[in-house]
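Here are the chains, one letter per residue:
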Amino acid sequence: MRPPTWSPHLTLIAPILMLGMTAQALAAAGNVVAQIDRVLMTADGTYGGCMAALSVNPQTVLPSCQSWWVTFSCSGMFTDALSAYRMVDLAELAIATDKQAQIFFRDDMTHNGYCFAYRIDVQR
């Protein structure tokens, strides 16, 4: 039996695999309980097409999130558009009823630096 030989391909593949694992390790998720202060919709898909401004800054949980806003990705990049619009509906319900919402977001999916909110729970 011959001993394994060195391959230049392994030297190239190992750093690429390490970078991929590092990027995934840096992604984080968080949540806040907040009032919804504003809802924004854009026709051209800017900011993912729809966003909500929160009374609690998402940066307090995930420093890489930008500002008081989160995106629901109505453009369909991170979720299907129907689900995104339903999350906007819940944000509008929270505004109309003056209820708090718990918003779950992640910093590895962003539109123009704003973190993607993948879940919203309106609370009594």
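Residues numbered from 1 in each chain as written. Predicted model: local features only at pLDDT ≥ 70, side-chain atom pairs only at ≥ 80, totals over all residues. Heavy atoms only, no water.

Student: Just give me the short version of the overall build of the protein, but keep the residues and values in it.
Tutor: Counting secondary structure elements, the protein contains two helices and five strands. Along its sequence from the N terminus, the protein presents helices and strands in the succession α-β-β-β-α-β-β. By residue count, 31% of the 124 residues in the protein fall in the buried class. (Helix = DSSP H or I, 4+ residues; strand = E, 2+ residues; numbered from the N terminus. Buried < 20%, exposed > 50% of the residue type's maximum accessible area, 1.4 Å probe, protein only.)

Student: Explain the state of the cysteines residue by residue, including any values.
Tutor: Scanning all chains against the criterion turns up two disulfides. Here C50 engages in a disulfide with C74; their sulfurs sit 1.9 Å apart. Here the disulfide of C50 and C74 is right-handed, its torsion about the S-S bond being about 95°. With C50 in strand 2 (residues 50-54) and C74 in the loop between strand 3 (69-71) and helix 2 (81-97), the pair connects residues that are 24 residues apart, well separated along the chain. C74 carries the same exposure label as C50, and that label is buried. Through a disulfide, C65 is tied to C115; the S-S separation comes to 2.0 Å. Between C65 and C115 the disulfide shows an S-S torsion of about -105°. By sign, it is left-handed. Note that C65 is positioned in the loop between strand 2 and strand 3 and C115 in strand 5 (residues 114-122), a separation of 50 residues in sequence. Classification of C65 by relative accessible area gives buried; the value is 1%. Sequential numbering of the bridged cysteines in the protein gives the disulfide pattern 1-3, 2-4. (Disulfide = S-S within 2.5 Å.)

Student: Residues and numbers for the nonpolar core, please.
Tutor: Counting 22 residues, the largest nonpolar core has I36, L54, V70, F72, I103, F105 and I120 as its most contacted members. Those elements that place two or more of their residues in this core are strand 1 (29-41), strand 2, helix 2, strand 4 (100-111) and strand 5. When residues of this core are assigned to their parent elements, the largest contribution, five residues, is made by helix 2. Filtering out sequence-adjacent residues up to four positions away, F72 remains in contact with C50, M51, A52, T79, A84, M87, V88, A91, F116, A117 and I120. (Core = buried A, V, L, I, M, F, W, Y, C linked by side-chain atoms within 4.5 Å. Contact = heavy atoms within 4.5 Å.)

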